[in-house]
Every structure is written in structure tokens, then in C-alpha cells.
Amino acid sequence: MNSRQTEKILSVRNLVKHFDISGGFLEQLAFEKGKIIRRHTVVKALNNVSFSIAPGEIFSVVGESGCGKSTLARTAIGLYPPDSGEVFFGGERIDHLSPRQMLPFRARMQMIFQDPYASLNPRMTVRQILEEPVFFHRPGISRAEAGDRVAAVMEQVGVDPQWAGRYPHEFSGGQRQRISIARALMVDPEFIVADEPISALDVSIQAQILNLLMEAREKRGLTYMIITHDLSVVAHISSRVAVMYLGSLCELSPADQMFDHPRHPYTRALLSAIPRLGSKKKHIRLTGEVPTPIRLPSGCVFHGRCPYADARCKTEIPLPLSPEPGIITACHGLEEGRIPLSPE
Amino acid sequence: MSHLLEVKNLEVRFALRFGDLTAIDGVSFTLDKGERLGLVGESGAGKSVTGFAIINLISKPGYISRGHILFDGENLAELPGEKMRDIRGNRISMIFQDPMMTLNPVLTIGTQMCETLMAHRNISRKQAEAVALEKLRKVYISSPEQRLSQYPHEFSGGMRQRIVIAIALLTDPALIIADEPTTALDVTIQAEIMDLLLELCASEDMGLILITHDLGVVSRVTEKIAVMYAGKIVESGPTENIITDPLHPYTKGLIRALPDPERRGQGERLQQIPGTMPTLTALPRGCSFHPRCEIKGGICEKEIPESRAVKGQKREVACHMAENPSPPPVYEREGA
Ligand SMILES: Nc1ncnc2c1ncn2[C@@H]1O[C@H](COP(=O)(O)OP(=O)(O)OP(=O)(O)O)[C@@H](O)[C@H]1O
Ligand SMILES: Nc1ncnc2c1ncn2[C@@H]1O[C@H](COP(=O)(O)OP(=O)(O)OP(=O)(O)O)[C@@H](O)[C@H]1O
Ligand code: SF4
Ligand SMILES: [Mg+2]
Ligand SMILES: [Mg+2]
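Here the residue numbering is sequential within each chain, running from 1 through the sequence in written order. Think of it this way: whatever chain is written first is A, whatever ligand is written first is 1, and the rest follow in order. Since the coordinates come from a predicted model, pLDDT governs what is reported: local features require at least 70, and pairs of side-chain atoms require 80 or more to be given and counted, while whole-chain, interface and lining totals use all residues. Only heavy atoms go into the side-chain values, all of them from the structure, while hydrogens and water stay out.

Q: Explanation requested: the pairing of strand β6 (residues 84-89) of chain A in the structure shown.
A: Regular strands place side chains that alternate from one sheet face to the opposite one. Residue and element names in this part refer to chain A. Strand pairing is assigned whenever DSSP detects at least two bridges linking the two strands. A run of H or I in DSSP becomes a helix once it reaches four residues, and a run of E becomes a strand once it reaches two; helices and strands are each numbered from the N terminus. Two elements, strand β1 (residues 10-20) and β6, share five bridges in a ladder whose sense is antiparallel. When the bridges of β6 are listed, Val16 appears paired with Ser84. Of the pairings in the sheet, the one linking β6 to strand β7 (residues 92-93) comprises two bridges and is antiparallel in character. Bridged to Phe89 within β7 is Glu92.

Quick look at the structure:
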């Protein structure tokens, strides 16, 4: 085991995850140029993604809908086996473990799923949903102690503990989202992956939840990987930010660097789209064919929308390079120095 | 002129073990053809339940206990099930906050879209597929032809949300109720989807009820707003007026809590409205907002404030202390 990984809580190396969506044998058959051929349709959701997260970090992942953020999260905590690449947790390789071998790691990491509806079992009461991970990971705990914990955590996320006997469908959308956050906080994890944890919440409850997550970090030294499309939240809380586009990592920088000096052309486009209240500025319109992970563009995946793209960009995949310590970018234009640094 | 939709004194209750819970308490508003209404308020305020009630989708322990919902002259609250099914998902589409209320997990989205369309239109599967593809492109689903044979769980969260929007648009409805339609979407796609809805309101005279907690989106898309708190509309009127000059202390708090993009970082705390919304089963006496209110007077703890018109403006506010409200009965409802 090399020592660099042991000081990281999570490391992923060259992760690749593809989904075959060809369907049944008959659905795969197609008629082309007078011949019957068998066609495979593959979604290339993750392509060679690498990064590490240090203990105590708040690591954010941003990028447009469908770019592979949730797939990255699920692969990183062992819910999806990668097609290739490696995942290390606390210095130990976990991507090839059996569910049984994975058990001790499960309690140390928790995931808040993007879809609070699908992730809460409709036939269990909120109390059962919240107690389940406690009884599972701490079999010795008494019923009373678990009950106290349920009440305390419900209180923290702003859902009346008196409602613990109710079923998920009896709650509003935002209340359900808070219940799925509560579930992740029930056991004492070291690492939480939160996929859009606050998107269905109004600003005042967003603030309450974010403050709660930050408090848990200070008190218990938690580490977070947070996926959100809300860039003002990202700017607010992250230590480092990873920007993804069509399954590839474009840029990885400390948050203040990212927002003050975005480097990659896609990062710049993304940040320019942050709406400002009252400003009537039109957003950048999406033009052309929507990029698809089913037919990945050749070369740099962003070349079709990039103002700096040239011939090399269309053929050669840019490798992640580090122009400065702590910063990673994957862009030919930046490497060649033909893209001006963004003014502050 | 008659309205496309008129909701009057709507009350929805849930019969629970320990007594009734009133989720919606006397909600009234109107919507004309092509008009865009924003329904805003904190989590649990009753926004989704209002939407469900309009399409008569309040199920078992819940029931509409009072009020009427006139759509094109018919009272939807009393419409027999069969006639309602003809309207729901056809002339009125709801984009549910939970995409899985629309999507069937064991059917491909191609099948779902075609079946929805063929249930309401006399067209072939081929024609239905063409319409489905057109709508999927409108919501920026990439490679739609290949995607038709995928199941809901094979899509990303934001893609599922967009597919549900595409399904709502299939039948070119006269009214769309969009419940947090873009929460999982990044700003660029969100803006495109909102433009699409705006365009349909303008060109097809579609009515839109946009339920959201995002005041930024509401101010861009809607022309009028109703602010809900604990099951009641506490303030309503033209969007412009409400955003720039809110009268109800709750609305004021909501607007103040918006993050200011100029002041990011450095652990800047957002301005929260102090306290939390009360549980509906334990509402305080008088104005339900009074425990959190900065300008409350003695009367607020005793009497429920009636909604009243604001002099010289087409807006209403339900607050004893808000500046400027005229005395109760002078308000004339347009077209009444
Ligand atoms: N189980 C699966 N089977 C097939 N394809 C999948 C599966 N899960 C994800 N995909 C595909 O992988 C791509 C990336 O999806 P992912 O959920 O990671 O996106 P995301 O970045 O989280 O997007 P969003 O912001 O919309 O949630 C999509 O094209 C999606 O259709
Ligand atoms: N089936 C049900 N049984 C009991 N109570 C319910 C039921 N459905 C909703 N409620 C309650 O009614 C209230 C209003 O819920 P609603 O879903 O309308 O809130 P909302 O304004 O849409 O909030 P959010 O922004 O969180 O989605 C909530 O307190 C909720 O718990
Ligand atoms: S590699 Fe080329 S196409 Fe890709 S972002 Fe850089 S300049 Fe643009
Ligand atoms: Mg996702
Ligand atoms: Mg709701």
C-alpha cells in the first residue's frame, strides 16, 4: 500500500463506468446497408475519472444534468462496480469486495440519495426507516436509546418527532428530503456522499440543513462529497470543486480559485450562467445537438461547444494536467497557453 | 369573462388517527388562459396538496371538505371519476414533484409516452412515437431514439424530471400544474425549460401554475404570485409588486432569506426567518405566523387575519399589521 492513499479518505483512479442499454437480443438487431447487424448501445457515463478526498474536506462535484455525477458517487462508495479503475477508502481498496467484505465499510460511509421518494421504503414508518441503520450497524443498542436518537435527529432536521409513526407519503417533498438526510446522520459515519441534498428545500430550510451538516463536520470530523447544481451553495461551503462534463473531469480546483479564476472553458461557461436576482441578462442559450454519452464526441468531449476548439481538440483526448499544485485541468488550449487566463 | 380556473374556499383535510388535519384552509385564486401563477411558500405549506386537489387526486384519509374548483365551467371537486380521468393528464397535466408518481418503473418510457397519448388521441403507435420524440427533444434529452427503450431507473435524476415534463406536454394541455419541475436541473437547462413553458403560455394560451420554493424562478416566469403559509394564502397579487414591495412579514422574510450572490463565501450565514412553521395539527391561535412575526400586535394572538385588498392595487394580504391594507369589504373580484 503506498502511503499517499492512506492520508486520503477516498481515492478513485481512472474510473470507468459504462451502461449497456441494448436491451434484449431482438431489440439489438438492426438493418443496415442490406445486412442485418447486431447493435450495442452503450452509455459512457464515466470515462477515466481520478481524484482524492482528504479527511475533513467538503468536496463538491458539479456539472450539467446527465454528466455522470450520481454514477460517480455510486461507484465511489461501492454501489456500482466500476468497469475499470480503482477505489480506495481509508487506504484500502474496496471496488472488488464482496457485499460481505464491504460490510465494515458500509457503516463508515453513508449516502443521501438524489431521489428522496425512491430511497424511502413506502411500507416503513419514519421511525423504522431511521432505526434500521442503527440496529444494523450497532446490534447491541437498546430500543430506548435508538428511539431517543430518532427523536433527536428528527428535531435537528426540522421534522416534528411526533410524526415518527407516519409513512413517507404523508410528508411533503421537502420533509421527505430531510428524512433522508436524517437517516444518513443516524449512524456516525466518517464520510457522507450527499447527492443534491437540498434541492427540494426552500432557502430558509436550506440554510438550516447546511448549517447542520457543517456543524456535524466540526464536531465529528466528517468528510463530505456533495453533488449539487446550485453553484451559490457550492461557492458557499466547498473546499474543493470538481467540474464534470459528459463523464470526464474538466477541472479540479480549490473553491476560491475556481470561482475567482475559472480555467477550463467549460467551467467558465458554467459560472457565467449563475443567475443574479434582478439582473435581466439572458442566459447562454444551448445550441446544436445535445451532447450525448451514447455517442461520445471524439477528442475533447467539450469541443463541440468550446470557443477555443481547434483540430487537436477534435481528435486527441486532453489528459488531466496540473498547471499549479492543487489544480488539475484537462484542456489542450490551456496546456498550449493559447487560452487567456480569465480576468478576475 | 370567465376564468380558465377558479379555486374558491378550497379546504382539504386528512382524517388521521388523532383527528383531522387541515392541510389547505380556504384557498382561493383564479387563473385565466395564458396566465402564469406562482405558488410559493415554505416546505409543508400545502403547495402540492393544492395541486393534487385541483386534479382531484387527494387519496384516502384525505378529502376535499369545502370549496369548489371550476375548470372551464365544471366543478372538478364533484366530477365523476370517469369524466375526471378524461381531463387529468389530458386537458390538465400535472408535473409531480415526485417523478415516480408519473413514471411506471416496469415500463420503458417509450411505452409510457405512447400509451398516454393513445389513451387520449386516436392515433397509431408510430404517430405517437413521433410526438414523444418531439417532446423529448424539447426538454433536451440527448439521443431520444435510443432512450425510448430505457426504463426510468436508467436515467439520471434530472433526466427523469425532464421526461416527466415531456409527458405532461404530450397532450398539449390547456393547464399545466408544475410542482417543483426543475429542482434537479442546472441553471442552464432550468432556464431553457422555463422558456419553453413561457412560450407555450404565450402561443397556446396555456395556463400555468408553477409551484416552487425558488423566488428567482417565480419572478422570471410568473405574472402573479400566491404566498402560502401553514395551509393558507397569506399574500397574493402581481409578481412585480410582491417581489419589490412585499407587505406580509412572512413574504418579507422569504425575500430577505435569498442568498446574495455578491456576498458569497466566508461562512456568510443566510438570513433565516426565525423559528419554524408550526405543525398543522398544533396551529397557534390567531394568525399562524405570529410566533415568528417581528411586527405582531396583541390582536395577532387572538384573531385570525382575514384576507383583504390593498388600496389601489390588485393584491390581497392577510395580516393585521401590514401597512396599507384598506378595511375589509371594498375589494371587488374581477368578473364577479
Ligand atoms: N442504471 C443505469 N442504467 C443505464 N444507464 C444509466 C444508469 N444510471 C445512469 N445511467 C446513465 O448514465 C448517465 C449519467 O447519469 P447520472 O445519473 O450519473 O447523471 P447526473 O450527473 O447525476 O445527472 P443529474 O444531475 O440529472 O442527476 C445518463 O446518461 C444516464 O442515463
Ligand atoms: N397523505 C397525507 N397524509 C397526511 N398528511 C399529509 C398527506 N399529504 C400531505 N400531508 C401534510 O400536508 C401538509 C402540506 O403538504 P404539501 O405536500 O402540500 O407541502 P408543500 O407545500 O408541497 O411542501 P414541500 O415544498 O416540502 O413539497 C404537510 O404538513 C404534509 O405533512
Ligand atoms: S481541449 Fe480544446 S475543446 Fe476542449 S476545452 Fe480545451 S480548448 Fe476547448
Ligand atoms: Mg444525479
Ligand atoms: Mg410539495
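Continuing now.
Q: Sorry, what's going on with the site of ligand 2 here?
A: Any residue with a heavy atom positioned within 4 Å of a molecule or strand is treated as near that molecule or strand. Around ligand 2, the surrounding shell holds 21 residues, and the nearest of these are Ser172 and Gly174 of chain A together with Ser43, Gly44 and Ser48 of chain B. Those chains with residues close to ligand 2 are chains A and B. Each accessible area is a Shrake-Rupley estimate made with a 1.4 Å probe; only the visible protein chains count as cover when residues are assessed. Protein coverage of the free-state accessible area of ligand 2, which is 640 Å², stands at 94%. Counting only elements with at least two residues in the shell around ligand 2, the list comes to α8 (173-186) of chain A together with α1 (47-54) of chain B. Considering only residue class, the shell around ligand 2 consists of seven nonpolar, 10 polar and four charged. Gly falls in the polar group here, along with every residue not listed as nonpolar (Ala, Val, Leu, Ile, Met, Phe, Trp, Tyr, Cys, Pro) or charged (Asp, Glu, Lys, Arg).

Q: Quick question: what am I supposed to make of the coordination of the magnesium ion (ligand 4) here?
A: Around a metal, the perfect tetrahedron of four donors has angles of 109.5 degrees, and the perfect octahedron of six donors has angles of 90 or 180 degrees. Each metal's donors are the N, O and S atoms within 2.8 Å of it, or within 3.2 Å when it is Na, K or Ca, and because water is not part of the set, sites may look incomplete. The protein atoms that coordinate the magnesium ion (ligand 4) are Ser70 of chain A (OG) and Gln114 of chain A (OE1), at distances of 2.0 to 2.2 Å. In this pair, Ser70 of chain A sits in helix α3 (residues 69-76) while Gln114 of chain A sits in the loop between β8 (109-112) and α5 (116-119), placing the two residues 44 residues apart along the sequence.

Q: How should I be thinking about α1 of chain B in this particular structure?
A: Residues spaced three or four apart along an α-helix face the same direction, because each turn holds 3.6 residues. For α1 of chain B, a buried count of seven out of eight residues is recorded, marking the element as mostly surrounded by other parts of the structure. In the segment just after α1 of chain B, Asn56 of chain B is the residue with positive phi, at about 55°. Think of it in three bands: with a 1.4 Å probe and only protein chains considered, a residue is buried below 20% of the maximum accessible area for its type, exposed above 50%, and partly exposed in between.

Q: In this structure, what is going on with the packing of aromatic side chains? I would like to understand it.
A: What characterises a pair of aromatic rings is the spacing of the ring centres plus the angle enclosed by the ring planes. Pairing of aromatic rings covers Phe, Tyr and the six-membered ring of Trp, with a centre-to-centre limit of 6.5 Å; geometry is then stacked below 30 degrees between planes, edge-to-face above 60, and tilted otherwise. Under the defined criterion, the tally for this structure stands at 12 aromatic pairs over all chains. Ring geometry for Tyr229 of chain B versus Phe289 of chain B: centroids 5.1 Å apart, planes at 85°, classification edge-to-face. Here Phe289 of chain B lies in the loop between α10 (249-256) and β11 (308-309) and Tyr229 of chain B lies in strand β9 (residues 224-229), a separation of 60 residues in the sequence. Across this residue pair, the class does not change: Tyr229 of chain B and Phe289 of chain B are buried. Between Tyr250 of chain B and Phe289 of chain B the ring centres are 5.4 Å apart and the planes differ by 65°, which places this aromatic pair in the edge-to-face class. Pair noted here: Tyr250 of chain B is in helix α10 and Phe289 of chain B is in the loop between α10 and β11, with a separation of 39 residues, a long-range link. Each of the two residues, Tyr250 of chain B as well as Phe289 of chain B, counts as buried. Three or more aromatic residues link up through ring pairs in this structure, and these residues are Phe89, Phe105 and Phe191 of chain A.

Q: What's the story with the environment of Tyr308 of chain A in this structure? I'm lost.
A: All names here are of chain A. Looking at the element boundaries, Tyr308 is found in the loop between α12 (265-272) and α13 (311-315). Remark: the alpha-carbon pair of Tyr308 and Ser204, spanning 104 residues in sequence, is separated by 41 Å. Whether two residues are in contact is decided by their heavy atoms, any of which lying within 4.5 Å being enough. If sequence neighbours within four positions are ignored, Tyr308 has contacts with Pro265, Arg268, Cys313, Arg338, Ile339 and Pro340.

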